[in-house]
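One letter stands for each residue in the lines below.
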Amino acid sequence: MDRLTMAGLGREVGMSSGHILYYFGTKDELLLQTLQWSEEQLGTERRAALSRRVPARERLDALVDLYLPDGHRDPRWTLWLEVWNRSRSADEEARERQLDLELAWHRDLVALLVEGISKGEFRPVDAERFATRTRALLDGFGTHLVVGLPGTDREQVRDHIREFLDESLTA
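In this report, the structure presented in the accompanying data block is examined.

The rules we used
Residues numbered from 1 in each chain as written. Predicted model: local features only at pLDDT ≥ 70, side-chain atom pairs only at ≥ 80, totals over all residues. Heavy atoms only, no water. Helix = DSSP H or I, 4+ residues; strand = E, 2+ residues; numbered from the N terminus. Expected span 1.5 Å × (residues − 1). Buried < 20%, exposed > 50% of the residue type's maximum accessible area, 1.4 Å probe, protein only. Contact = heavy atoms within 4.5 Å. Polar contact = N/O pair within 3.5 Å; in protein donor to acceptor, adjacent residues only side chain to side chain. Core = buried A, V, L, I, M, F, W, Y, C linked by side-chain atoms within 4.5 Å. Salt bridge = Lys/Arg side-chain N within 4 Å of Asp/Glu carboxyl O.

### Points about helix α5 (residues 75–86)
Reasoning step 1: With 12 residues, α5 should cover 16 Å at 1.5 Å per step; its first-to-last C-alpha distance of 16 Å lies within 8% of that length.
Reasoning step 2: Listed as buried for α5 are Arg76, Trp77, Leu79, Trp80, Glu82 and Val83.
Reasoning step 3: For α5, the elements touching its buried residues are α3 (27–50), α4 (56–67), α6 (92–118) and α7 (127–147).
Reasoning step 4: The N-capping residue of α5, defined by a side-chain oxygen 3.0 Å from the backbone nitrogen of Arg76, is Asp74.

### Structural notes on the nonpolar core
Reasoning step 1: With 28 residues, the main nonpolar core has Leu60, Leu113, Ile161, Leu165 and Leu169 as its most contacted residues.
Reasoning step 2: For this core, the secondary structure elements donating two or more residues are α3, α4, α6, α7 and α8 (154–169).
Reasoning step 3: Counting residues per element, this core draws most heavily on α4, at seven residues.
Reasoning step 4: Formed by eight residues, the second largest nonpolar core is a distinct cluster that contains Leu79, Trp80, Val83 and Ala94.

### Quick word on the pattern of salt bridges
Reasoning step 1: For the structure shown, the criterion picks out 17 salt bridges.
Reasoning step 2: Where Asp108 meets Arg46, a salt bridge forms, and the shortest distance between an N and an O atom there is 2.6 Å. Of the two residues, Asp108 is situated in helix α6 and Arg46 in helix α3; the sequence distance between them amounts to 62 residues.
Reasoning step 3: For Asp108, a relative accessible area of 21% translates into the label partly exposed.
Reasoning step 4: A salt bridge links Glu115 to Lys119; its shortest N-O distance comes to 3.1 Å.
Reasoning step 5: We classify Glu115 as partly exposed; its relative accessible area is 23%.
Reasoning step 6: By relative accessible area, Lys119 is classed as exposed at 56%.
Reasoning step 7: Here the salt bridges do not stand alone but share partners, grouping Asp65, Glu155, Arg158, Asp159 and Arg162 into one network.

Below, the structure written as structure tokens:
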């Protein structure tokens, strides 16, 4: 993304960089709006997976699969990394918009945990705290995958996460 210039993007989409800046104002805003669009698409998939009539543990695995990058240089995760990096100098409004994207995942995870606990599928845990810790685990492993850390592959990561979830939530 560092090599992405507004002029280069303009050439790719058949517009001048001036037109792109007219619509988005800055590269940061373009990236954030692209991330919002991407997350809206993924949110549709996530809601469909979470609404299936299967055990909560199976839906939790589906959420993890959607959350994790497909592998090294996954475009969605690369975009997230770029927005996270740029958020250091972003204004409060932009950081709030980014937080809204993060909280959508959090709320869905908390709701799934609460449901699984209420049905006796998961042992009682503080769903808010557990969701926060689980997302941190997913972010850490996801970052290792997307940057291509040697010796890290998606199946290995999924196994680690499944083991953690089984050990933590088994009723």
